[in-house]
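# Structure at a glance
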Amino acid sequence: MLLSLISCSLMISPNWLFELFTLTAYTHYYNPLFVFVPCAGAGGWSPLVSDRYQWLEVDLGRRTQITAVATQGRYGSSDWLTAYLLMFSDTGHNWRQHRQEDSLGAFPGNSNADTVVQYKLEQPVIARFLRLIPLDWNPSGRIGLRLEIYGCRYTSSVASFDGSRSSLVYRLSVRASWTVMETISLKFKTLKNSGTLLHAEGQRDHSLTLVLEKGKLLLYHLQGVSSSSGGQLLVSLGSLLDDQHWHHVKLERLSTHLNLTVDKNTLQVQIPADLIKPSQPLQSMNIHVSQSFLSLSLPSSCSQGNVTFSCAEPVSVAVTFTDSHSFLQLPGLTSWSTGLVSVMLQFRTWNKGGLLLTFGLPQQDGTVFLYLSQARLRLQISSGLNDGQWHYVELSFKNDHLSITVDKDEGATAHISISVPLTSDSQLFFGGKNTFTEIAQKCKNPFNTFQGCMRLLNLDDQTVDLIKVQQRLLGNYSHLQIDMCGIIDRCSPSHCEHGGICTQSWSTFHCNCSNSGYRGATCHSSIYEQSCEAYKHKGNMSGHYYIDVDGSGPIKPQLIYCNMTEDKTWMVIQHNNTELTRVQSSAERNQHFAYFDYSSEEEQLVAVISQSEHCEQELSYHCRKSRLSNTLEGAPFSWWVGGAGPGQSQTSWGGALTGTQQCGCSLQDSCLDPSHDCNCDADYDQWTEDSGLLTHKETLPVRSLVLGDIHRPGSEAAYRVGPLRCHGDKNFWNAAFFDKETSYLHFPTFQGELNADISFLFKTTSSSGVFLENLGIKDFIRIELSSSTEVVFSFDVGNGPLDVRVKTSLPLNDSRWHRVQAERNVKEASLRVDNFPAATHEAPTDGLMHLQLNSQLFIGTASRQKGFLGCIRSLQLNGVTLDLEKRAKITPGVLPGCPGHCSSYGSLCQNEGRCEEKANGFSCDCGQSAYTGAFCHKEVSATFKSTTSITYILKEPFELSRNSSGLPSSIYSDITLRGENISLSFSTNQSPALLLYVSSFYREYLILLINKNGEDSQIAFSLGCLLLINDCIDQNAREDLNLTSDVEFNSIKSLILGRVEEPDGLDAEMAELASLGFTGCLSGVHFNSISPLKAALLHPDSPVIVTSPLVQSSCGSSSPANTYAAETTHSLSGQPGSVDPGQPLVNTIRSDSALIGGNAILLSRNKNKSIDYKS
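Residues numbered from 1 in each chain as written. Predicted model: local features only at pLDDT ≥ 70, side-chain atom pairs only at ≥ 80, totals over all residues. Heavy atoms only, no water.

## Looking at the overall build of the protein chain
Scanning the protein chain for helices and strands turns up 9 helices and 87 strands. Counting across all 1175 residues of the protein chain, residues that qualify as buried make up 54%. A fraction of 70% describes how many contacts in the protein chain between residues 6 or more apart in sequence connect residues 24 or more apart. Only carbon and sulfur atoms are counted for the fraction: they give 49% of the accessible area of the protein chain, which is about 52,500 Å². (Helix = DSSP H or I, 4+ residues; strand = E, 2+ residues; numbered from the N terminus. Buried < 20%, exposed > 50% of the residue type's maximum accessible area, 1.4 Å probe, protein only. Contact = heavy atoms within 4.5 Å. Areas by Shrake-Rupley, 256 points an atom, 1.4 Å probe, with all protein chains shown as cover.)

This is how it looks when you write it as structure tokens:
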């Protein structure tokens, strides 16, 4: 082995220059070599064998704060390292691997023998020993290294506690009040996983206790309790803190919050209101630690119990089983020939399964396995053994009797009778097995190999010297990390967001997002829409929906009622009292207070109001001798409080301008007394009111109401505060149009180091283009349309570029809106396009995680790549919407907004509704439809009695000799109708029954009726003397009738639903039927472009005559038309089944008990075309 140093120039001022230190180099064919060498010589370190079992160890002589390391290849050679690990230790044992980030452990090395590569440690390490382990080296050379270490002296007082009742007590000087910030900091190390670390007492028996439980730190608030057995848990942080390594703890009080920091992680918690008042500082502080050492920075103290001020650290050598090839082989003992065998060990792991111990039974030609399965030792001795804690296992063999003990007193013991003749020739395998041994060749391992740590291996009460194992002087091993426990808690801190539950194995973690409202590998992306507007444009109707106003942000989803019955989409948020509430006068009280609690939380309310275009809330005050603001001093009697947070007092009432102390009547000059600005201020002894809408968003919602003028005799008042109503989503329609491929918008650098989600909608006619990109020195993130059927999400966080691709079966350059959702987190990257299957790409287990960007974020592209041509809308990054329109207004080549939504959303308009474009979205015009509602989807229905009649009058045409321009519109009266389209839904018990009667000025008529034919009901269509009848009515199906004839229907006069008062041109039998009217439900009646039922119910100014009261009903909503029914076509022209025109329509006038209808009838007639019937 060769050993040398390059230089004494190890100092970066003002750090300490290491002039002399001890070096240990190791080659696994030789014993360790301890050399005390001055900083002299050249060449560098190069072991005789180049493999991953070599290491170079530096003893710095004392604890040192190490800030950086630098490596260089061996002088004048082709020997250098390309990757290595760094280990640190205080004792030369129990090594701890240093990681650059939360998971990345390897350091990149050199690319040649001469260049110096220096790495500054993100967090300085305090240790005495440093060990460098080569991972990879120049394939054309060998392991070669010159090393420099940078650091400075580190000194600190220490105290050691024996874990009984030993403590240090600090008496803080009494102060009148707290300072701006109070801080308690310390460092500790321990092998025990439980113990009280710190106990701080205040006044009134309030205290804070910091407790180590199962390797985690828990902060409790206690009142009247002096131990950790009670109290309120404020916060939990850290994991695996019982590893005998130093851990930094800091407790800070900042205003009303406490910050708990453990190593690099900090959590903030609200201080309980009754804990410590500003005028009541902590009076004493007790520190209790079990088997730990402390580095303290506190005032002078007194000790209690057995406290020493030195670090006599116990030596515990652990071994790490890193992968499926890891095993440790130990020889048997000569004492086993007596038949007494004992094997003890401790292990910790995250995996539910793994082989712990294997040995053969040569005489029985068998094998014994001790293994974990579903976190239980075989035979189910105990459970939950994959919790990362140390677990004690002991196997004892005596007189053909085997006993297994787990966790001693806290665990369980099982016994079995079995002959286990172990001898000194027996071999024990811990973890996996050596595949080259005879035992391995005889049997196949049926279990998962163990991944985790073991320590305190004992054979017959003799501790196994694992350092000898490392030196190849005892047993054998493979793929082990000896003298360290490399277990990592991947759930502390948890990367699972929004309440997702983290579980883990040795190499990865998983997030359970059930019931969280979020999805993805880290529960990052919301499964809900961000507004009612977004739900509407997915085709949803009015109802309660979960709204997540900030998407992947911290605000929880909330259940909100979405009212989509109007053109505008309203979000309605209720509170605890929306009813009109009466206030009686009382001489005992001067004021009445009302408080309103909303169904949404504070941050949800603020976000909804902020993102909405308009919000309003009704505020009504009914009064009788109860004034609002009429006082001699000018101060109001009554006011209300509204706005964000606690809100502010407001004196303007519904309909008035904010801050004016007026009411709505003052703006309309309609107040009862012109000398007052409110009706109630007139102080009349009669009921009046001041009501209106509050529309100033900064003053909403109304949080409380104070009514003052209620104590006089005769004073009466009532109030009503309606629900908060908001419409318009400023984020959903925020869009920009890129009219050139070189156009782009720029925004500040995207901050998405660990979690980045990007969502937007786009439409284009181009086949490719970059949607957005953000660059760093090496890292980048980009989303682009690579072809007309493919979207690519590309990024690099230091592990090399990765692409996530989604190919679609339909073109994306169809000038329709398409949705893109991309997410990248520490677990995986995913990409979704519309409703096509998502694509995912897993992140490397121990790769770099932080996305480091430094350029501006470009929407479009500023690089040489092809930019985007088209529209981008609703662009959100980590739940925050970028204001594209605002930036587009000041950017050449980009236009704010993007018209043309009907191409994407027009299909939502149903039942002949017509899509109309709007600047922000679209609306459905239902003027030509028999339906109403946001999507023309709501049936207009009414219940008819036998006396009900609706007559829709069409204007009588002038004489044919007159100017034809005077004729009424063809919408109302065609001179000659060569075709009719009739649709309606009905349900009735009546048969026969008249559904529709249409008359003309030439005594012609058209009738649609239900005819009785034996036991079946039929639909009959009569046009003059021609009668066509379809098959029997299917009560559940949609009926489409397409009829033809050579008859022209000239100059229609009126349409009648229900009873026909004056039948014109009907024979006696048909006239009798028409006079009976219709009893049942009619819905969605449409004749060509006329909707007589809708006109009668919703448009009273239409030319409609209604006899008998008519009220809109929901009777038709129970059987909506199925617009997707399958169709079969039959030719009825000239078939034997045609109806004889002379057949009587009415055999018997009667009503059946069975319900007829419950379906939709669509009938059309065309002259001189084939007759089709569709069912």
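## Thoughts on the side chain of His 901
By the element assignment, His 901 lies in the loop between strand 66 (894-896) and helix 7 (902-905). In this structure the side chain of His 901 is engaged in a polar contact, spanning 3.2 Å, whose partner is the backbone oxygen of Cys 898. When sequence neighbours within four positions are dropped, the list of residues in contact with His 901 reads Trp 733, Lys 763, Trp 817, Arg 873, Gly 906, Glu 917, Lys 918, Ala 919, Gly 921 and Phe 922. (Polar contact = N/O pair within 3.5 Å; in protein donor to acceptor, adjacent residues only side chain to side chain.)

## Let's talk about the packing of aromatic side chains
Applying the stated criterion across every chain, the model contains 21 aromatic pairs. Ring centres 6.2 Å apart and planes at 80° place the aromatic pair Trp 733 and Tyr 905 in the edge-to-face group. Of the two residues, Trp 733 sits in the loop between strand 52 (724-729) and strand 53 (735-738) while Tyr 905 sits in helix 7, which places them 172 residues apart along the sequence. Residue Trp 733 shares its accessibility class with Tyr 905, and that shared class is buried. Their ring planes at 85° and their centres at 6.3 Å tell us that Phe 762 and Phe 868 sit as a pair that is edge-to-face. Residue Phe 762 is located in strand 55 (residues 756-763), and its partner Phe 868 is located in the loop between strand 63 (857-860) and strand 64 (870-877); the two are separated by 106 residues in the primary sequence. Taking relative accessible area as the criterion, Phe 762 reaches 0% and is therefore assigned buried. Connected via pairs of aromatic rings, a cluster forms that spans Phe 738, Phe 760, Phe 762, Phe 771 and Phe 868. The ring of Trp 390 has Arg 455 lying over it, and the distance from NZ or CZ to the ring centre is 4.0 Å. Taking NZ or CZ as reference, Lys 827 lies 5.0 Å from the ring centre of Phe 509, over its face. (Phe/Tyr/Trp six-rings, centres within 6.5 Å; stacked < 30°, edge-to-face > 60°. Lys NZ or Arg CZ within 6 Å of the ring centre and 35° of its normal.)

## Considerations on the sheet that holds strand 63
The strand order 54-63-56-57-58-59 describes an open sheet built from 6 strands, whose pairing is antiparallel. Edge positions in the open sheet fall to strand 54 (744-747) and strand 59 (802-807), since each of these has one partner strand only. Neighbouring strand axes in the sheet, compared pairwise and without regard to direction, differ in orientation by 15° on average. Sheet topology places strand 56 (residues 769-775) next to strand 63; 2 bridges connect them, and they run antiparallel. Opposite Leu 772, over in strand 63, you have Ile 859 as the bridge partner. (Pairing = 2+ DSSP bridges. Axes fitted to C-alpha atoms, helices over the stretch in contact; angles between N-to-C directions.)

## A word on the pattern of salt bridges
Summed over the entire model, instances satisfying the criterion amount to 27 salt bridges. In this structure, Arg 582 engages Glu 716 in a salt bridge whose closest nitrogen and oxygen atoms are separated by 2.6 Å. Placement of Arg 582 in strand 44 (residues 581-584) and of Glu 716 in strand 51 (residues 716-721) is noted, with a sequence separation of 134 residues between them. By relative accessible area, which is 16% here, Glu 716 ends up buried. The partner of Asp 925 in a salt bridge is Arg 914, and the shortest N-O contact between them spans 2.9 Å. One end of the pair, Asp 925, is in strand 68 (residues 921-925); the other, Arg 914, is in strand 67 (residues 914-918), and 11 residues separate them in sequence. Arg 914 sits in the partly exposed class, given a relative accessible area of 47%. (Salt bridge = Lys/Arg side-chain N within 4 Å of Asp/Glu carboxyl O.)

## Structural notes on the nonpolar core
Residues Ile 547, Phe 596, Tyr 621, Leu 705, Tyr 719 and Leu 724 are the most contacted members of the largest nonpolar core, which totals 42 residues. The residues contacting Phe 596, other than those within four sequence positions of it, are His 575, Asn 576, Asn 577, Val 702, Arg 703, Ser 704, Leu 705, Tyr 719 and Val 721. (Core = buried A, V, L, I, M, F, W, Y, C linked by side-chain atoms within 4.5 Å.)

## Here we look at the UniProt feature "domain: EGF-like" (unreviewed entry) in the protein chain
Using the residue numbers shown here, the UniProt feature "domain: EGF-like" (unreviewed entry) corresponds to residues 487-524 and 899-937. What you have in residues 487-524 is 0% helix and 26% strand, and the ends, taken at the C-alpha atoms, are 26 Å apart. Between the first and last C-alpha atoms of residues 899-937 the distance is 24 Å; the span itself is 10% helix and 31% strand. (UniProt positions renumbered as here; feature names shortened; annotations may be inferred.)

## Considerations on the environment of Asp 567
Relative to the elements of secondary structure, Asp 567 occurs in the loop between strand 42 (558-563) and strand 43 (570-573). Residues Asp 567 and Cys 924 lie 357 residues apart in sequence; the distance between their C-alpha atoms is 8.0 Å. Those residues in contact with Asp 567 that lie beyond four places of it in its chain are Lys 536, Lys 918 and Ser 923. A polar side-chain atom of Asp 567 sits 2.3 Å from a polar atom in the side chain of Lys 918.

## Section: the sheet that holds strand 45 (residues 592-595)
The strand order across the open sheet formed by 4 strands is 45-50-47-48, and the pairing between neighbours is antiparallel. Lying at the two open borders of the sheet, with one neighbouring strand each, are strand 45 and strand 48 (648-650). With strand direction ignored, the average angle separating the axes of adjacent strands in the sheet is 20°. Summarising the sheet, strand 47 (residues 639-642) and strand 50 (residues 702-707) pair through 4 bridges and their orientation is antiparallel.

## Things to note about the state of the cysteines
Counted according to the given criterion, the structure contains 14 disulfides. Note that Cys 496 is cross-linked by a disulfide to Cys 511, the S-S spacing being 1.9 Å. Handedness here is read from the sign of the S-S torsion; for Cys 496 and Cys 511, about -85°, the answer is left-handed. Of this pair, Cys 496 sits in the loop between strand 36 (480-482) and strand 37 (501-504) while Cys 511 sits in strand 38 (residues 509-512), placing them 15 residues apart in sequence. Overall, Cys 511 belongs to the buried group, its relative accessible area being 16%. Paired through a disulfide, Cys 663 and Cys 678 show a sulfur-sulfur distance of 2.0 Å. Classification of the bridge connecting Cys 663 and Cys 678 rests on its S-S torsion, roughly 90°, and on that basis the disulfide is right-handed. You can see Cys 663 sitting in the loop between strand 48 and helix 5 (664-667) and its partner Cys 678 sitting in the loop between helix 5 and strand 49 (688-694), a full 15 residues away along the chain. (Disulfide = S-S within 2.5 Å.)

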